[in-house]
Structure formats: C-alpha cells, structure tokens
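Reading the structure
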Amino acid sequence: MLSYKRSSALFQAAQQVLPGGVNSPVRAFNSVGGSPVFVERAQGAYLYDADGNKLIDYIASWGPLLFGHAYAPVIEAVTERAKKGTSFGMPTEVETQIAEKAHSMVPHVEKIRFVNSGTEACMSAIRLARGYTKREKIIKFAGCYHGHSDSFLIAAGSGATTFGVPNSPGVTQGTAKDTLLATYNDLDSVKALFAAHSQQIAAIIVEPIAGNMGCVLPAKGFLEGLRALCDEQGALLILDEVMTGFRLAKGGAQEALNIKADLVTFGKVIGGGLPVAAFAARAEIMDHLAPTGAVYQAGTLSGNPLAMSAGLAMLTEIENRPEVFDSLEKKTAYLHAGFEKVFAQAGIPVQINRFGSMCSVFFSETPVTDFASAQRADHGRFKKYFHALLSRGIYLPPSGYESYFLNDALSYTDLDATIAALQDAVEKGEI
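Residues numbered from 1 in each chain as written. Predicted model: local features only at pLDDT ≥ 70, side-chain atom pairs only at ≥ 80, totals over all residues. Heavy atoms only, no water.

If you look the protein up in an unreviewed UniProt entry, it shows as Glutamate-1-semialdehyde 2,1-aminomutase from Capnocytophaga granulosa. Quoted straight from UniProt, the Pathway (unreviewed entry) entry for the protein says "Porphyrin-containing compound metabolism; protoporphyrin-IX biosynthesis; 5-aminolevulinate from L-glutamyl-tRNA(Glu): step 2/2." (UniProt positions renumbered as here; feature names shortened; annotations may be inferred.)

See the structure below:
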C-alpha cells in the first residue's frame with residue numbers, strides 16, 4: 001500500500017496560508033476524507049506525487065488532457081511562445097488562428113470570445129443571452145454546475161454539492177430570484193417554468209452530458225425537447241460544453257448528440273491544460289458584445305498568447321488525429337465492462353454511467369438520471385472505494401459527484417491494472 005506522509009505534511013502547511021489548504025474546494029478531499037495528494041509532475045497517463053508514488057490518472061486535470069499529461073506538441077507550442085513574451089494586453093495573430101480552428105470544428109459557431117475560465121464563459125454567456133433577448137430570468141438544472149458565478153450557485157452540483165452548500169452564502173436573494181430551477185431529464189418541470197414566467201426567460205443553460213453530479217446522460221428526447229421549447233418561447237438554448245467540448249467529438253456534444261445550441265461555452269480541452277475558456281454563437285448574437293454591441297465583457301488576460309498557443313496546438317492535434325475519440329470510447333467501455341464484472345461477481349449494486357470518455361460509478365440499486373437519484377447513491381461506500389483504489393495507485397475523482405475523464409495515454413495494461421486493483425480491494429472486503 002502506498003504512503004502519503006509528504007503530501008499530508010504539505011497539506012498541513014497549505015492550510016496555514018490557503019483557505020482549506022486548496023484553491024478549489026474538491027481538491028481538499030472533504031467528500032472522501034483524508035489528506036489530498038500533492039503532485040510534483042505528470043507524464044502521459046501517470047501522476048508522480050510528493051511521496052514518489054506513481055498513480056494512474058483518471059481525471060486528466062478534470063478533462064482537458066485528452067492525449068495525456070505533458071503532451072509534446074502542446075508543451076513545445078507553449079515553450080516556443082514563451083520565448084517571445086508571456087502577455088501583452090494587445091491583439092495577437094494566434095487568437096484569430098485558434099478562433100478559425102474552432103469555427104471549422106464546431107457546428108453553428110460563427111464568432112467566439114476567449115476568456116480564462118469556465119465560470120467566466122458561462123457568466124458571460126448568460127449576460128449576453130439577457131442582453132440579446134432583453135429578458136432577465138434563466139433556467140438551470142439541479143445538479144448542473146456552471147461555475148461559481150452568483151447566478152449559478154442555486155442547487156449547484158460538483159464541489160457545491162460535496163460541501164453541502166448548494167445555495168452559497170453571499171448569493172443575494174435578488175440574484176437568486178432570476179435563476180429558475182428545473183429537474184434534469186424532466187421536460188415537464190421546464191414547461192411549468194415557462195408557463196409561470198411567460199416572456200421573461202432569456203435562456204436555458206444545461207450540461208448536455210452532466211458531469212457535475214457525476215456523469216449523467218440526457219434521456220432520449222430531453223435535449224431535443226429543450227431545443228423545441230426555446231424555439232417556441234423565444235429563449236436561447238445554451239449548452240455548457242466546458243467539459244464536453246472537443247472531448248466527446250471534434251464538434252463536442254452538439255456533434256455527438258446532433259443538437260444545435262444558440263450559445264455554447266467551452267473550457268478544458270480548448271486550452272490544452274492552460275486556463276482558457278470561451279463562449280461562441282452565430283454572429284447575430286455575438287455582435288451584441290462590446291465593442292460592436294452594448295453587452296460589456298472584458299479581460300486583461302483573455303486571449304493570452306501562451307494559452308492561445310496551447311489551445312491551438314491541442315485543437316490541431318485533434319483535427320489531425322480524429323481517431324482519438326474512437327480510441328477513448330473503446331478504452332472507457334473496456335474499463336466499464338471490467339468494473340461491472342467485478343461488482344456483479346461480488347454482489348455490490350452499482351450504476352455505471354458512460355458516454356464517450358466520461359463515466360461515473362454510483363453505488364446505487366436504481367438508475368441515476370438526475371440530481372436527486374445521484375444524491376441517493378451510497379456515498380459512504382464511495383469513500384471506501386476511492387481510498388481502496390488510491391492505496392493501490394489509482395487516482396479517481398475524490399467525490400461521488402464528479403465524472404471520470406480518460407486520456408488516450410492510458411494503455412490497456414493500465415486499464416487491466418485498474419480492474420485488478422478493484423478486484424483485490426473487493427476480495428479483501430475494503431469496499
């Protein structure tokens with residue numbers, strides 16, 4: 001079993017100067033207990049921590065590292081760009097180049113604005129939707145997390161759920177009243193909101209494949225129903241593809257699920273591991289943004305040349321290696337089948353949700369289709385499962401409300417080792 005003495009000491013030191021010892025809450029391991037693992041370096045499918053342990057990685061920095069850690073084309077692009085300067089606060093050609101690349105890959109995107117985080121992208125998309133429609137209310141879904149902007153911390157998923165504070169202190173009642181809450185995979189709950197707030201709703205924002213209550217798939221007809229409702233009601237459909245964009249297909253969930261959004265937000269993969277996000281739409285909508293329109297949005301580091309170079313290198317690799325999506329899907333299906341067999345033989349009830357290279361294990365006897373069913377899963381058992389595999393060198397998301405993200409550097413030997421680790425833990429009664 002692996003030792004984490006150095007990581008524990010580093011966490012104690014971090015707690016003296018950082019709130020909770022971390023800069024993003026889920027990293028603190030509050031959901032699973034124990035001290036977080038501190039990473040020193042990573043390569044391919046592996047993390048190397050402060051204690052010298054080698055871990056097989058199943059979060060890929062929460063999604064962006066499609067080809068694995070320290071992927072040479074991205075590292076080379078950043079290194080070469082850094083030699084010319086790191087930030088100018090002025091336009092650079094690479095911004096246009098990555099915009100053109102994204103435009104060529106994603107359906108229905110004509111113009112794109114780059115920002116620095118998924119939170120910023122979703123926050124800006126909502127502001128733009130309100131400015132475009134001249135309406136104030138939005139619909140979001142319980143368990144979907146769109147960043148930590150005030151408008152979204154209403155029954156949020158992911159970290160907010162982990163800490164039991166879905167309605168964060170600091171979010172005003174005035175802000176909360178303009179966010180209407182619906183149930184994922186329940187069209188009737190959305191129709192009821194439109195009926196109660198006729199001509200007031202600017203947009204629906206949704207994760208097309210939810211990843212922040214664990215991986216939860218849309219029911220047949222759900223996204224299509226949202227599209228039809230928006231068309232009927234004059235509202236915009238915003239797909240939050242911060243996780244799914246460029247990960248599920250070259251054109252993201254829009255391509256994989258054949259659904260057309262009015263606005264789409266990107267993050268993760270589009271930055272190649274650097275802090276990049278974006279929001280995009282047809283020109284008619286995007287031209288409402290300053291400086292051409294009245295909807296204001298700005299950022300000194302938006303379009304930072306290092307980040308743009310990393311993102312351009314990543315998108316270029318995806319374009320040149322489209323087979324990566326099939327490879328990732330097959331590897332994820334292989335892991336799914338292996339896990340399912342182990343749990344079935346042990347008589348442990350689980351639901352494994354999977355789409356493309358995203359998946360989650362829920363310790364539940366019934367299907368997980370929304371936030372409420374995700375909450376009903378046995379999260380106490382998840383803690384045991386997480387630590388049993390961590391002690392065997394497998395790094396999973398440290399929360400039952402997070403999706404796994406596979407990277408293509410994972411070999412079938414790695415997958416077999418992961419399945420074997422689960423088998424050993426189950427046989428020894430640790431789960």
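From this point, the narrative continues.
By size, the foremost hydrophobic cluster in this structure holds 117 residues, and its most contacted members are Phe-141, Phe-246, Ile-318, Phe-339, Tyr-385 and Ile-431. Taken domain by domain, this core gets at least three of its residues from each of domain 1 (5-70 + 322-428) and domain 2 (72-320). In terms of nonpolar packing, the next biggest core, distinct from the first, is built from 23 residues, Val-115, Ala-129, Ile-205 and Val-295 among them. (Core = buried A, V, L, I, M, F, W, Y, C linked by side-chain atoms within 4.5 Å. Buried < 20%, exposed > 50% of the residue type's maximum accessible area, 1.4 Å probe, protein only. Domains from an automatic or database assignment.)

With that settled, the discussion passes to the domain arrangement of the protein. The domain architecture assigned to the protein consists of domain 1 (5-70 + 322-428) and domain 2 (72-320). Look at where the C-alpha atoms of domain 1 and domain 2 centre, and you get two points 25 Å apart. With 36 residues of domain 1 in contact, the opposing surface of domain 2 contributes 40 residues. Taking both sides of the interface into account, the surface hidden between domain 1 and domain 2 amounts to around 3000 Å²; carbon and sulfur atoms contribute 69%. Of all residues in domain 1, Phe-325, Phe-355 and Phe-371 give up the largest surface area on contact with domain 2, accounting jointly for 23% of the area buried on that side. At the boundary of domain 1 and domain 2, one finds 9 residue pairs in polar contact (both at pLDDT 80 or more). Counting only elements with at least two residues in the side of domain 1 that touches domain 2, the list comes to strand E11 (351-355), strand E12 (358-362) and helix H13 (371-375). (Contact = heavy atoms within 4.5 Å. Buried area = accessible area lost by both parts, 1.4 Å probe. Polar contact = N/O pair within 3.5 Å; in protein donor to acceptor, adjacent residues only side chain to side chain. Helix = DSSP H or I, 4+ residues; strand = E, 2+ residues; numbered from the N terminus.)

Turning next to the sheet that holds E11. Taken in spatial order, the 3 strands make up an open sheet running E11-E12-E14, and their pairing is antiparallel. Each having just a single partner strand, E11 and strand E14 (404-405) make up the two edges of the open sheet. Seen against the sheet, helix H12 (residues 324-346) touches E11 and E12 and runs at an angle of roughly 175° to E11. (Pairing = 2+ DSSP bridges. Axes fitted to C-alpha atoms, helices over the stretch in contact; angles between N-to-C directions.)

For the pair helix H7 (residues 187-196) and helix H8 (residues 222-233), the least separation of the axes is 10 Å and the interaxial angle reads 15°. On the basis of the axis angle, H7 is roughly parallel to H8. Handedness of the crossing formed by H7 with H8: right-handed. Facing Leu-187, Val-190, Lys-191 and Phe-194 of H7, the residues of H8 in contact are Phe-222, Gly-225, Leu-226, Leu-229 and Gln-233. (Parallel < 35°, antiparallel > 145°, perpendicular 65-115°, else oblique. Left-handed = near helix turned anticlockwise from the far one by under 90°.)

With that settled, the discussion passes to the UniProt feature "modified residue: N6-(pyridoxal phosphate)lysine" (unreviewed entry) in the protein. In the numbering adopted here, UniProt assigns the feature "modified residue: N6-(pyridoxal phosphate)lysine" (unreviewed entry) to Lys-268. Mapped onto the elements of the fold, Lys-268 is located in the loop between strand E9 (263-266) and strand E10 (277-281). What makes Lys-268 partly exposed here is its relative accessible area of 27%. If we skip the residues at most four places from it in the chain, Lys-268 touches Trp-62, Gly-63, Pro-64, Val-242, Met-243, Gly-273 and Val-276.

The predicted coordinates should not be examined in detail at positions where pLDDT is low. Per-residue confidence for the protein gives a mean pLDDT of 94; residues scoring 70 or more make up 97%. Counting contacts from residues 157-166, a segment whose pLDDT is below 50, to residues more than four positions away or on other chains yields 24 contacts. (pLDDT = per-residue confidence, 0-100.)

Moving on, we get to the packing of aromatic side chains. Centre distance and the angle of the planes are the two values used to describe a pair of aromatic rings. Taken as a whole and assessed by the stated rule, the structure comprises 15 aromatic pairs. Here the basic side chain of Arg-41 rests over the ring of Tyr-48, its NZ or CZ set 4.0 Å away from the ring centre. Taking NZ or CZ as reference, Lys-54 lies 4.0 Å from the ring centre of Tyr-46, over its face. (Phe/Tyr/Trp six-rings, centres within 6.5 Å; stacked < 30°, edge-to-face > 60°. Lys NZ or Arg CZ within 6 Å of the ring centre and 35° of its normal.)

Checked against the element boundaries, Ser-364 lands in the loop between E12 and H13. Those residues in contact with Ser-364 that sit more than four places away from it in its chain are Pro-349, Val-350, Gln-351 and Ala-377.

The next thing to look at is the environment of Ala-372. Of note, Ala-372 is situated in helix H13. Residue classification places Ala-372 among the partly exposed residues on the basis of a relative accessible area of 35%. Along the primary structure Ala-372 and Ala-142 are separated by 230 residues, whereas in three dimensions their C-alpha atoms are 8.4 Å apart.

Moving on, we get to helix H2 (residues 72-82). Among all positions of H2, only Val-74, Val-78 and Arg-81 are buried. For H2, the angular spread of the buried residues around the axis is 70°, confining them to a single face. Turning to H2, the residues buried within the fold contact helix H11 (305-320). (Arc of directions from axis to C-beta.)

A word on the packing of H12 against helix H15 (residues 412-427). Relative to each other, H12 and H15 sit at 15°, their axes nearing to 10 Å. Considering the angle they form, H12 stands roughly parallel to H15. For the element pair H12 and H15, the recorded crossing hand is right-handed. Facing H12, whose interface residues are Lys-330, Lys-331, Tyr-334, Leu-335, Gly-338, Phe-339, Val-342, Phe-343, Gln-345 and Ala-346, H15 presents Tyr-412, Leu-415, Asp-416, Thr-418, Ile-419, Leu-422, Gln-423 and Val-426.

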